[in-house]
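# Chain and residue survey
Residues per chain, in single letters:
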Amino acid sequence: MAAVVACGLVAGCGTTMTGQAAQPARVHDQHQGQGTQVQPIDMVKTTEADWQQVTRALGRPGKLSADGTVYRVGFPRSDLQVTSYGVRIKPPFALGSYAAFARYADGSTMVMGDLVVTEPELPEVTDALQRRGIAQTAVHKHLLAHEPEVWWSHLHATGRDPVAIARAIRSALDQTATPAPAAPSSPPPLGLDTQRIDAALGAKGTQEGGIYRFSFARKETITSHGRVVNAAMGVNTALNFQPTGGGKAAINGDFVMTAGEVQKVIQALRRGGIDIVEVHQHALDDQPRLFYMHFWAHAVRLAGALRAAVQASAVKPA
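Below or above, wherever it landed, is the structure these notes cover. Please read all numbers here as calculations on a predicted model, not as lab measurements. Residue numbering note: each chain is counted from 1, following its sequence as written. Only residues with pLDDT of 70 or above have their local features reported here, since the model is predicted, and side-chain atom pairs are shown and tallied only from 80 upward, although totals for entire chains, interfaces and linings are computed over all residues. Excluded from the side-chain calculation are hydrogens and water; included are all heavy atoms of the structure.

## Some details on the packing of aromatic side chains
Between two aromatic rings, the relevant description is the distance of the centres plus the angle of the planes. Pairing of aromatic rings covers Phe, Tyr and Trp, the last counted by its six-membered ring, and requires centre-to-centre distances within 6.5 Å; plane angles under 30 degrees mean stacked, over 60 mean edge-to-face, and any other angle means tilted. A complete count under the given rule lists 7 aromatic pairs for this structure. Pairing F93 with W296 gives two aromatic rings, centres 6.4 Å apart and planes at 70 degrees, and the pair type is edge-to-face. Note that F93 is positioned in helix α4 (residues 91-94) and W296 in strand β18 (residues 291-299), a separation of 203 residues in sequence. With 5.4 Å between their ring centres and 50 degrees between their planes, F255 and F295 make a pair best called tilted. Remark: F295 occurs in strand β18 and F255 occurs in strand β15 (residues 248-257); sequence separation between them is 40 residues. Accessibility assignment for this pair places F255 and F295 in one class, buried. Counting every residue linked through ring pairs, the aromatic cluster contains W51, Y71 and F101. Labels follow the DSSP assignment, with helices taken as runs of H or I lasting at least four residues and strands as runs of E lasting at least two, numbered in each case from the N terminus. Relative accessible area decides the class of each residue, using a 1.4 Å probe on protein chains only: under 20% of the type maximum gives buried, over 50% gives exposed, and in between gives partly exposed.

Set out below in structure tokens:
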């Protein structure tokens, strides 16, 4: 049977796919490295109604980006009790699996995402993704010295049947103990001087699930497999503050950088005493080539050091 992309040649075809994970990008990969200029395919605007069947397939509601281009569904690992350097990690801080769907002018849908899995879950999740034609583009960690061992598996798929892709992702999600979505609740007071943090970073943060967070988008146009992608797809610098009492916060997230920016960002972070967790890629065919740097710190005032690192890369508030 066909993988996701082959299935997508006819919308609404069968839901069973076998693993040819490289297939989603093959039609675009042929242009890479041959000096051929290919016009990137633009996103198109959608509505919440366009994604109802995806919502049913995943068993969870999503949220449409403000510009209507990306439908993002989150799968927080609220079942896990993860600690890093003694800090209990909240799901919105660093344990949020997600899948971001975007529709394109050629009628295709591309999905980028990240699944948070325990070490015992990882082999089964990998096999489920590969059986259904979902490519894995990175497997790594976002935290230091954390217990239990948790991994992050980035995924990618392109096809004309977003529901088939959603079912494939659901098959991998079902290999984990990811719980059903919980009813929203009022978050507790942050206990952070958010105005001071905003001023230090030169941007306005938002509160979600007790976490104060910032998102910065690349200034240039970014493509993946010949398609335009944006910050809502996960191509962003993310800075998360989790209050730990006494005005202190654990700080975690990642910087999106070109190769020439990596060392500058490392140096800016280290001057502020911020630890580097990992440097890696999230995609296999992005243009320009992007790298992501995860970091960690636990202190009272580090927003200034983060701003210096933000300024070392070509990003702007998303």
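## A look at the nonpolar core
Residues F214, M233, L239, F241, F255, L269 and L306 are the most contacted members of the largest nonpolar core, which totals 46 residues. Contacts between residues were defined by any pair of non-hydrogen atoms, one from each residue, lying within 4.5 Å. The residues touching F255, leaving out its near neighbours within four places in the chain, are T237, L239, V265, L269, F291, Y292, M293, F295, L306, A309 and V310. To define a nonpolar core, start from buried Ala, Val, Leu, Ile, Met, Phe, Trp, Tyr and Cys residues and group those joined through side-chain atoms within 4.5 Å. Core analysis: the next-biggest nonpolar cluster, separate from the first, contains 27 residues, V73, A99, V117 and V163 among them.

## Quick notes on the packing of helix α8 (residues 262-271) against helix α9 (residues 303-311)
Here an axis means a line fitted to C-alpha atoms, over the contact stretch when the element is a helix, while the angle between two N-to-C directions is reported on a 0 to 180 degree scale. At a minimum axis separation of 8 Å, α8 and α9 run at an interaxial angle of 170 degrees. Taken together, the axes of α8 and α9 are roughly antiparallel relative to one another. Every residue of α9 that contacts α8 at V265, A268 and L269 is listed here: A305, L306, A308 and A309. When residues are sorted by character, Ala, Val, Leu, Ile, Met, Phe, Trp, Tyr, Cys and Pro go into the nonpolar class, Asp, Glu, Lys and Arg into the charged class, and all the rest, Gly among them, into the polar class. Residue classes in the contact of α8 with α9 are distributed as 7 nonpolar, no polar and no charged. These descriptions rest on fixed angle ranges, namely under 35 degrees for roughly parallel, over 145 for roughly antiparallel, 65 to 115 for roughly perpendicular, and the rest for oblique.

## Section: the sheet that holds strand β3 (residues 83-84)
Note on pairing: DSSP must find at least two bridges between two strands before they are called paired. On the basis of which strands lie adjacent, the open sheet formed by 3 strands has the order β4-β3-β8 and antiparallel pairing. Among the strands making up the open sheet, the edge pair consists of β4 (87-88) and β8 (146-147). In this sheet, β4 lies alongside β3 in antiparallel orientation, the contact comprising 2 bridges. The residue of β4 that forms the bridge with S84 is V87.

## Some remarks on the sheet that holds strand β17 (residues 286-287)
Read across the open sheet, the 3 strands follow the order β13-β12-β17; overall the sheet is antiparallel. Two strands close off the open sheet at either side, each with one partner strand: β13 (227-229) and β17.

## Regarding the pattern of salt bridges
Salt bridges are defined by distance alone: a side-chain nitrogen of Lys or Arg within 4 Å of a carboxyl oxygen of Asp or Glu. All told, the structure shown has 11 salt bridges when counted by the stated rule. When the shortest N-O distance is used, the salt bridge between D79 and R77 registers 2.9 Å. Classification of D79 by relative accessible area gives partly exposed; the value is 30%. On the basis of relative accessibility, which here comes to 0%, the residue R77 falls in the buried class. In this structure, R77 engages E121 in a salt bridge whose closest nitrogen and oxygen atoms are separated by 3.0 Å. Here E121 lies in the loop between β6 (109-118) and α5 (122-131) and R77 lies in the loop between β2 (70-76) and β3, a separation of 44 residues in the sequence. The class of E121 is buried, set by a relative accessible area of 11%. The network of salt bridges with shared partners includes R77, D79 and E121.

Keep in mind these values describe shape, not function.
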